[in-house]
Amino acid sequence: MGWSEYALAFAAFFLTHSVPLRPPVKRRLVGVLGARGFTLAYSALSLFVLGWLIEASSRAPYVGLWDWAPWQNHVPLTVMGVVCLLLALSLGRPNPFSFGGAGNDRFDPAHPGLVRWTRHPLLLALALWAGAHLVPNGDLAHVLLFGTFAGFALLGMWIVDRRRRREMGPRWDELLAKVRAGPVVPVPQSAAGLALRCGLALGVYLLLLAAHPYLFGVSPLPV
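These remarks concern the structure in this document. (Residues numbered from 1 in each chain as written. Predicted model: local features only at pLDDT ≥ 70, side-chain atom pairs only at ≥ 80, totals over all residues. Heavy atoms only, no water.)

Where helix 3 (residues 74–90) meets helix 4 (residues 121–134), the closest approach of the two axes is 9 Å, and the angle between their N-to-C directions is 170 degrees. Classified by the angle their axes make, helix 3 and helix 4 are roughly antiparallel. Read as a crossing pair, helix 3 and helix 4 show a hand that is left-handed. Where helix 3 abuts helix 4, its residues Val 75, Pro 76, Val 79, Met 80, Val 82, Val 83, Leu 86, Leu 87 and Ser 90 lie against Pro 121, Leu 122, Leu 124, Ala 125, Leu 128, Trp 129, Ala 132 and His 133. (Axes fitted to C-alpha atoms, helices over the stretch in contact; angles between N-to-C directions. Helix = DSSP H or I, 4+ residues; strand = E, 2+ residues; numbered from the N terminus. Parallel < 35°, antiparallel > 145°, perpendicular 65-115°, else oblique. Left-handed = near helix turned anticlockwise from the far one by under 90°. Contact = heavy atoms within 4.5 Å.)

Right under this line is the structure:
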C-alpha cells in the first residue's frame, strides 16, 4: 500500500493518542473498564498502533535524504542504554507531575528519584529514542516517523505540565519547589531497589539488542 498505508497508520496513531484521552471519553472508558483496565487497554492499543506505524514506515517507498554509514549505528546503541535506564528507574514509581506514575499519593519530594532531573522521564525516553534513531535512518519515511515522535514527546512535556498544573493548583508549585530544594543527586530510598532496576535496564537493553533483527528486520550492530 506504500504511502497510503503509512498515512493511514499515522492518522490512527494520532487518533488513538488523542480521542481516548479526552476527558469525557476517558471518564466513560474508565467507568466501564476501571482505572487499571483503561491503562492496560490503552497501553495495548498504543503498542499495537506503534508497531503498525513502524512496519508501515519500512514498507513506504524509499526516498533517501542522507547516506548511511556504520558509525551512525553507535548513536542509538549508546543512547538506548540511557533510554532503558530511564524506563527502569521511572516505571511504577510515584510521579504526580507526569503520566505513568503509580501511587502518586505516596510521592516523597525528599526522595524524588529521576523527577529531580526531569518531570517527564517517559517522554524524555521517547524523545531520546526517536532522536537517536533518526541518525542511521535517513530516508523520508523514517525521518518523518522519528522526527514526529521526537516533536510529539517534547511538545507533550509542555502539554502535560499545563494539564497537571491546572489539576493540582498551588500544590504543583509547592511540590516542585520541595523537589528542587533537595540534593542534585537524590539519595535512593533503597540501594537494593536501585541495583535491581539497573539490572532490569541492562536486561531489557540486551533483550532489545537480540530481538531487534527479528522485530524490525535489521541488526543495530555496526557492520
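Now that the structure has been shown, the text picks up again.
This paragraph deals with empty space enclosed by the protein. It is a probe the size of a water molecule, rolled over the atoms, that shows where empty space is left. Scanning all chains against the criterion turns up 2 cavities of 30 Å³ or more. Approximately 40 Å³ is the volume attributed to the second largest cavity. Surrounding the second largest cavity, Pro 109, Ala 110, Pro 112, Arg 116, Val 179, Gly 182, Pro 183, Pro 186 and Val 187 form its lining. Class assignment for the residues of the lining of the second largest cavity results in 7 nonpolar, 1 polar and 1 charged. (1 Å grid on protein atoms, 1.4 Å probe; cavity = no way out; pocket = protein on both sides within 12 Å on 5 of 7 lines; lining within 4 Å. Points joined across faces, edges and corners; volume = space filled by probe spheres on them. Nonpolar A, V, L, I, M, F, W, Y, C, P; charged D, E, K, R; others polar.)

Let us now look at helix 6 (residues 170–181). The terminal C-alpha atoms of helix 6 lie 17 Å apart, and with 12 residues this matches the ideal 16 Å at 1.5 Å per residue to within 8%. Turning to helix 6, its buried residues number three or more, namely Trp 172, Leu 175, Leu 176 and Val 179. An end-on view of helix 6 places all buried positions within 100 degrees of arc, on one side of the element. The outward face of helix 6, more than 90 degrees from its buried face, is lined by the exposed residues Pro 170, Lys 178 and Ala 181. (Expected span 1.5 Å × (residues − 1). Buried < 20%, exposed > 50% of the residue type's maximum accessible area, 1.4 Å probe, protein only. Arc of directions from axis to C-beta.)

The next point concerns helix 4. Taking 1.5 Å of rise per residue, 14 residues should cover 20 Å, and helix 4 covers 20 Å from first to last C-alpha, within 8% of that figure. For helix 4, the secondary structure elements touched by its buried residues are helix 2 (23–59), helix 3, helix 5 (140–168) and helix 7 (191–216).

Quick look at the layout of surface pockets now. Counted as a void, the second largest pocket has a volume near 460 Å³. For the second largest pocket, the lining is made up of 19 residues, of which Arg 93, Gly 113, Pro 188, Gln 189 and Leu 194 are closest to its centre. The leading source of residues in the lining of the second largest pocket is helix 7, at 3 residues. Grouping the amino acids of the lining of the second largest pocket by side-chain chemistry returns 10 nonpolar, 5 polar and 4 charged.

Soluble globular proteins: nonpolar side chains tend toward being buried together. Grouped together as the largest cluster of nonpolar side chains are 23 residues, with contacts concentrated most on Tyr 6, Leu 53, Trp 129, Ala 130, Leu 145 and Phe 149. Those elements giving two or more residues to this core turn out to be helix 1 (3–16), helix 2, helix 3, helix 4 and helix 5. Here Leu 145 is in contact with Tyr 6, Phe 10, Leu 53, Ile 54 and Ser 57, once residues within four sequence places are set aside. By size, the runner-up hydrophobic cluster in this structure holds 8 residues, among which are Val 115, Met 168, Leu 176 and Val 179. (Core = buried A, V, L, I, M, F, W, Y, C linked by side-chain atoms within 4.5 Å.)

Take the packing of helix 3 against helix 7 next. Running from N to C, helix 3 and helix 7 cross one another at 135 degrees; their axes reach a closest spacing of 8 Å. In this view, helix 3 runs oblique relative to helix 7, as classed from their interaxial angle. Every pair of crossing elements has a handedness; the one defined by helix 3 and helix 7 is right-handed. The residues of helix 7 that touch helix 3, namely those facing Leu 77, Met 80, Gly 81, Cys 84, Leu 85, Ala 88, Leu 89 and Ser 90, are Leu 194, Arg 197, Cys 198, Ala 201, Val 204, Tyr 205, Leu 208 and Leu 209. Looking at the contact of helix 3 with helix 7 residue by residue, the classes come out as 13 nonpolar, 2 polar and 1 charged.

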